[in-house]
Each structure stands twice: as C-alpha cells, then as structure tokens.
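Residue-level listing of the chains:
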Amino acid sequence: MSTTAGIRIAVHPVKSRVPAAERARRLENPGFGQIFSEHMVSLRWNAKEGWHDAQLTAYAPISLDPGTSFLHYAQGVFEGLKAFRQVDGSIAIFRPEAHAARFRRSARRLALPELPEDVFVEALELLVRHDHEWVPSGPEQSFYLRPFMFATDIGLGVHAGTEVTCLFIASPSGSYFTHGVKPVSVWLSTEYTRAAPGGTGDAKFGGNYAGSLIAQAQAQREGCDTVVWLDAAEHAWVEEMGGMNLAFVFGSGDRARVVTPALTGTLLPGITRDSLLRLAVDLGYGAEERRVSVEEWRKGNADGTVTEAFACGTAAVITPVGEVKSSSGGWTIGGGKPGPVAMRLRKALVDIQRGAAPDPYGWRHPVALS
Ligand SMILES: *Cc1c(COP(=O)(O)O)cnc(C)c1O
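First, a word on what this report is: a plain description of the structure on this page. (Residues numbered from 1 in each chain as written. Predicted model: local features only at pLDDT ≥ 70, side-chain atom pairs only at ≥ 80, totals over all residues. Heavy atoms only, no water.)

1. Observations regarding the pairing of strand β7 (residues 91-94)
Step number 1: Burial of β7 is two-sided: the residues Ile91 and Ile93 facing one way and the residues Ala92 and Phe94 facing the other way are all buried.
Step number 2: Relative to β7, strand β6 (residues 81-85) is paired through three bridges, and the arrangement is antiparallel. The residue bridging Ala83 from the neighbouring strand is Ile93, located in β7.
Step number 3: Both β7 and strand β19 (residues 364-366) contribute to a ladder of three bridges, which runs antiparallel. Counterpart to Ala92 in the pairing with β19 is Pro366. (Buried < 20%, exposed > 50% of the residue type's maximum accessible area, 1.4 Å probe, protein only. Helix = DSSP H or I, 4+ residues; strand = E, 2+ residues; numbered from the N terminus. Pairing = 2+ DSSP bridges.)

2. Structural notes on the pairing of strand β14 (residues 257-260)
Step number 1: Where strand β13 (residues 244-250) meets β14, three bridges bridge the pair, whose relative direction is antiparallel. Considered in β14, the bridge of Phe248 is made with Val259.
Step number 2: What sits between the antiparallel neighbours β13 and β14 is a turn of six residues, in which Gly251 has the positive phi angle 75°.
Step number 3: Pairing of β14 with strand β15 (residues 286-289), which is carried by four bridges, proceeds in the parallel orientation. Bridging from a neighbouring strand, Val259 pairs with Glu288 of β15.
Step number 4: The β-α-β motif built from β14, the intervening helix α7 (residues 271-282) and the parallel element β15 has right-handed crossover chirality. (Right-handed = clockwise from strand over helix to strand, strands pointing away.)

3. Considerations on the environment of Trp187
Step number 1: Residue position: Trp187 is located in strand β10 (residues 184-189).
Step number 2: With near-sequence residues (within four places) excluded, Trp187 lies in contact with Gln218, Ala219, Glu222, Cys224, Thr226, Val227, Val228, Lys325, Ser326 and Ser327. (Contact = heavy atoms within 4.5 Å.)

4. Some thoughts on the site of the ligand
Step number 1: Near the ligand there are 15 residues, and of these Lys204, Tyr209, Glu240, Thr272 and Thr314 occur at the shortest range.
Step number 2: The side chain of Lys204 places a nitrogen or oxygen atom 2.6 Å from an oxygen atom of the ligand.
Step number 3: Between an oxygen atom of the ligand and a main-chain N or O atom of Ile271, the distance comes to 2.8 Å.
Step number 4: Bound to the protein, the ligand loses 96% of the 380 Å² it would expose on its own.
Step number 5: Secondary-structure elements contributing two or more residues to the shell around the ligand are α3 (96-109), β13 and α7.
Step number 6: For the shell around the ligand, the class distribution of residues is four nonpolar, seven polar and four charged. (Near = heavy atom within 4 Å. Polar contact = N/O pair within 3.5 Å; in protein donor to acceptor, adjacent residues only side chain to side chain. Areas by Shrake-Rupley, 256 points an atom, 1.4 Å probe, with all protein chains shown as cover. Nonpolar A, V, L, I, M, F, W, Y, C, P; charged D, E, K, R; others polar.)

5. Brief notes about the packing of aromatic side chains
Step number 1: Counted under the stated rule, the structure contains 11 aromatic pairs.
Step number 2: Pairing Phe248 with Trp297 gives two aromatic rings, centres 4.8 Å apart and planes at 70°, and the pair type is edge-to-face. A residue pair is termed long-range when its members are at least 10 positions apart, and Phe248 in strand β13 and Trp297 in helix α8 (residues 294-303) qualify at 49 residues.
Step number 3: According to the relative accessible area criterion, Phe248 is buried, its value standing at 1%.
Step number 4: In this structure Trp297 comes out as buried when scored by relative accessible area, which is 1%.
Step number 5: Cluster of aromatic residues (ring-pair linked, three or more members): Phe70, Phe148 and Phe150.
Step number 6: Taking NZ or CZ as reference, Arg278 lies 4.5 Å from the ring centre of Tyr361, over its face. (Phe/Tyr/Trp six-rings, centres within 6.5 Å; stacked < 30°, edge-to-face > 60°. Lys NZ or Arg CZ within 6 Å of the ring centre and 35° of its normal.)

This is a description of form; function is not addressed.
Here it is, written out as structure tokens:
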C-alpha cells in the first residue's frame, strides 16, 4: 500500500512473472510503443468520492460498455514521458513533475478532473519499481511511460464525464531511429491545420492526433516524412512538426541563437522544448521564443542566416529537418545533414537524462527500487 495526498494506491502484483529468458527475448528489439511491461496503475474518479479505487495490478485488457462516452465523444487526455536506466545502473524518471502539471492543464481544458501531481508521480514510481526489470539499458533505449485519462459515463448524451478512469502503462522502447539520427523531409500543410485559437492545440488530447492523420498521409504522398503545421488564420507562421515542437538555429558557432515558435495557445508546450531552451543558454547560445514565418525560414535558409532546423519531443528527443517542401516550392537545409547545434543540444539533454552529466535543474527523479 502506498499513500499520498490521502489517496492510497493498493498494490496487487502479478503472482507469476514473465520468465527472464522470455523478457530478454521481448526486450531484444522492442521498437517504439510496441511491447508493454507487466503492471499498470489505475484510478477512478467521480464527483462524490473524488479519486478512489487506486491500484497497481497486472497489465490487462479493460472492458468497456459500447455506450461509454469516451468511445463516442473523445473526452480524454494523455501524457508521455520516460524513465531511463542511469549509467550507474539505477533508474530515474525525467521531469515527472512537469508532466504532472501539464496533465492537469490538459485535463482542465477537456473538462476532466485534475489528478494531484504527487499522485501522478507516485503512480509512475510504483510502476517503475514493480517493472524495473523491463527498463532497458542500451543506448537510446528507455522505459516510455504513458498516463491517460478518459470519461467512462455510459450514455450518448454529450456532457462532461461524471465517471473517469485514469491509467498508467509503460512500454520498454528502443531507439526511435534505427540507423542513427537521420534528418527528415517535411511538407508545409496549407490545406489542413492542427489547431486554432481557442481550440485544444495546447492540450495533450488524442483528438488533435486523429485530426492530423490525413495531413500526415498527404505529406507522405508528397514524398515527405511528416507534416509541418502552420497557423490556422494566415498559414504564414510555423507552429509544430507532426507531434513535436520545432526550433531554428540562426547563425553558427558561438554566435548561434536557438529560436522556437512562441506558445500562442495553439502549440503544445513541450517539456523537451523547455529543457532545450535552458540547455541552449548553458551551452552559450542565445535562446528566443517568438513567432517565425515560413517566409523568414525560406529567406533565412537562402541567405544563410537560418543554419539549422530541428523538431523536439520526448519520443525522438531531437529530429533534424533536412528538406522542406510545399505547394509553392521547397529548399534543403545543411545539405540534408544533422546540424552541429542540434546534435550538441541532443547530447547535452541525453547525458542529463542518463545520469552521464550533472543535473543542475533537478530534472532527474530517482526511483528507489526497494
Ligand atoms: C507531446 C507533444 C509535443 C512534445 O512534448 P514533450 O513534452 O517534449 O514530449 C509536441 N507537440 C505535440 C503536439 C505533442 O503532443
């Protein structure tokens, strides 16, 4: 039994564990988000009892009435963060408090109850502790944690859920890139938008992803790996790339500045974005949040003022952009090779995540294993 904020998480571990040889086989080539560990944490909420029925149990299918409101009206939110095997063999979760705070903000936007931050962190700690043998140790490998919450009221009336389920699951994951960091090609989408002012673009809400898939398919038809989202009103300002934030490097060497689109309310406030802004300053670069237009990007690339572009997010850390295409032409960046500033930032972040560098901001949350 684990107690926090008056909420007790009951612990019911599985009786027979996956044998070590079978676990090793599954961990051999885990891919991303393909396999899951042996436990999950679940909590329920209703207006009368608040959060209750918190428990750690075996990872298992859940059964839902076909009339469950989430299946029809998508009232749900999620998070994505990672635990890393440290160079000394211990395990630390990266910035769980920041993810807990964003989970609350997303829930508020979707009219869902806010899970107290210490309960969020405690649930993750329990899961990591019980499934620590599933935390891989290879370079670029991690234990991806996926908290999510959804309305479970039964009925087809549209209203904010009065019954809610929150689950925490975990997926041992390998490198996002199987052949090292490779720059991607992007399609500037003017036909579709991801988010509009007043909408849900700054919440981690599955509907944002569902609505983006058709644009992703279009990008692929245009010969690109993924889509770059522009603002909904003018299609002039760069916002995000796929499910990641974007950043640009102006200038080079010690004069380089990292510039990332400002959080206007239609961008997801990424925790990787936030971390890299701080590390950029620590590495001696400038760091700016402001609006960046497609025109500024195109011209800056042509005259050499914009030297690099990269996307950033928990899953892939940093993904350089090597080529841009749009209905009005395109351009290549840095000869299609990863830029030096992006790669330096990537190493600085990964070293902190893995315990290979000091942690000046307290981003690592160690998990005691007994
Ligand atoms: C999750 C997400 C990001 C990246 O956020 P991180 O906290 O860095 O993982 C960026 N954009 C979108 C749309 C996202 O859903």
